[in-house]
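Commentary on secondary and tertiary structure
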Amino acid sequence: MYVEVLKDVAFRLAPLSQRDAQSMIREIKSLPLLTGFRGQPAVDLAALEQVLLQVSALAEAHPEIKELDLNPVFAYAQGCLAVDARVVLHAEGAVTAPRPLSAATRATLERVFNPECGGHR
C-alpha cells in the first residue's frame, strides 16, 4: 500500500549484500511503522532483510526471471509472510547470460538509483 500511495521505495542492484538489505529497509519513509508506533510492536526486521536477500538470490540464480513482485508482504513481531507473488519470465530465447558489472559501472548505477547516498556502500 505504501509503495503505491506514497511511492515509498528503495532500490539496489542485485545481488544484494546484508548491508544493502538493511539500508533499504531503514531508508523508507514508513520505517517508524515497522519499528513500533503508537503501542504497536516492532516487526521482525531481520526477517524482512532475509526476504530481500532471498529474492535477490532467486533472481540471480534464475536469469529467466524478468519481473518479480511480492505483494503484499506482511511483517510480524516474529517473521513475515509473502501472501502473493507474481513472476514474469523473459520471452523464450530472450535471456542472455548475466555479465558481472565493473566497479565503475556499479558505482554509476548506484548513484543513479540512490543519488542521496552518493553510490557508497
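Presented here is an overview of the structure given in this document. (Residues numbered from 1 in each chain as written. Predicted model: local features only at pLDDT ≥ 70, side-chain atom pairs only at ≥ 80, totals over all residues. Heavy atoms only, no water.)

**A short note on the overall build of the protein chain**
Looking only at helices and strands, the protein chain has 5 helices and 4 strands in total. Overall, the protein chain shows an N-to-C arrangement of helices and strands of α-α-α-α-β-β-β-β-α. Per-residue burial for the protein chain yields a buried fraction of 22% across its 121 residues. For the protein chain, the proportion of contacts with a sequence separation of at least 24, taken over those separated by at least 6, is 47%. In the structure as shown, the protein chain presents an accessible area of about 8500 Å², 59% of it carried by carbon and sulfur atoms. (Helix = DSSP H or I, 4+ residues; strand = E, 2+ residues; numbered from the N terminus. Buried < 20%, exposed > 50% of the residue type's maximum accessible area, 1.4 Å probe, protein only. Contact = heavy atoms within 4.5 Å. Areas by Shrake-Rupley, 256 points an atom, 1.4 Å probe, with all protein chains shown as cover.)

**Remarks on the packing of helix 2 (residues 18-27) against helix 4 (residues 45-61)**
Close contact between helix 2 and helix 4 brings their axes to 9 Å; oriented N to C, the two are set at 120°. Classed by the angle they form, the pair helix 2 and helix 4 counts as oblique. Our pair here, helix 2 against helix 4, has a crossing hand that is right-handed. Contacts from Gln-18, Ala-21, Gln-22, Met-24, Ile-25 and Arg-26 in helix 2 reach Leu-45, Leu-48, Glu-49, Gln-50, Leu-52 and Leu-53 in helix 4. (Axes fitted to C-alpha atoms, helices over the stretch in contact; angles between N-to-C directions. Parallel < 35°, antiparallel > 145°, perpendicular 65-115°, else oblique. Left-handed = near helix turned anticlockwise from the far one by under 90°.)

**As for the nonpolar core**
Ala-10, Leu-16, Ala-21, Met-24, Ile-25, Ile-28, Leu-31, Leu-34, Val-43, Leu-45, Leu-48 and Leu-53 together form the largest nonpolar core, which totals 12 residues. Looking at this core, the elements with two or more residues in it are helix 2, helix 3 (31-34) and helix 4. Apart from the residues lying within four places of it in its own chain, the contact partners of Leu-53 are Leu-16, Ser-17, Gln-18 and Ala-21. (Core = buried A, V, L, I, M, F, W, Y, C linked by side-chain atoms within 4.5 Å.)

**Here we look at the environment of Lys-29**
Note that Lys-29 resides in the loop between helix 2 and helix 3. What makes Lys-29 exposed here is its relative accessible area of 60%. Along the sequence, Lys-29 and Lys-7 sit 22 residues apart, while their C-alpha atoms lie 9.4 Å from each other. Residues in contact with Lys-29, not counting those within four places in the same chain, are Leu-6, Lys-7 and Asp-8.

**Considering helix 4**
Look at helix 4: 24 Å from first C-alpha to last across 17 residues, which is about the 24 Å you get at 1.5 Å a residue. Listed in full, the buried residues belonging to helix 4 are Leu-45, Ala-47, Leu-48, Glu-49, Val-51, Leu-53 and Ser-56. Buried residues along helix 4 sit in contact with helix 2, helix 3, strand 1 (65-70), strand 2 (73-75) and strand 3 (80-82). (Expected span 1.5 Å × (residues − 1).)

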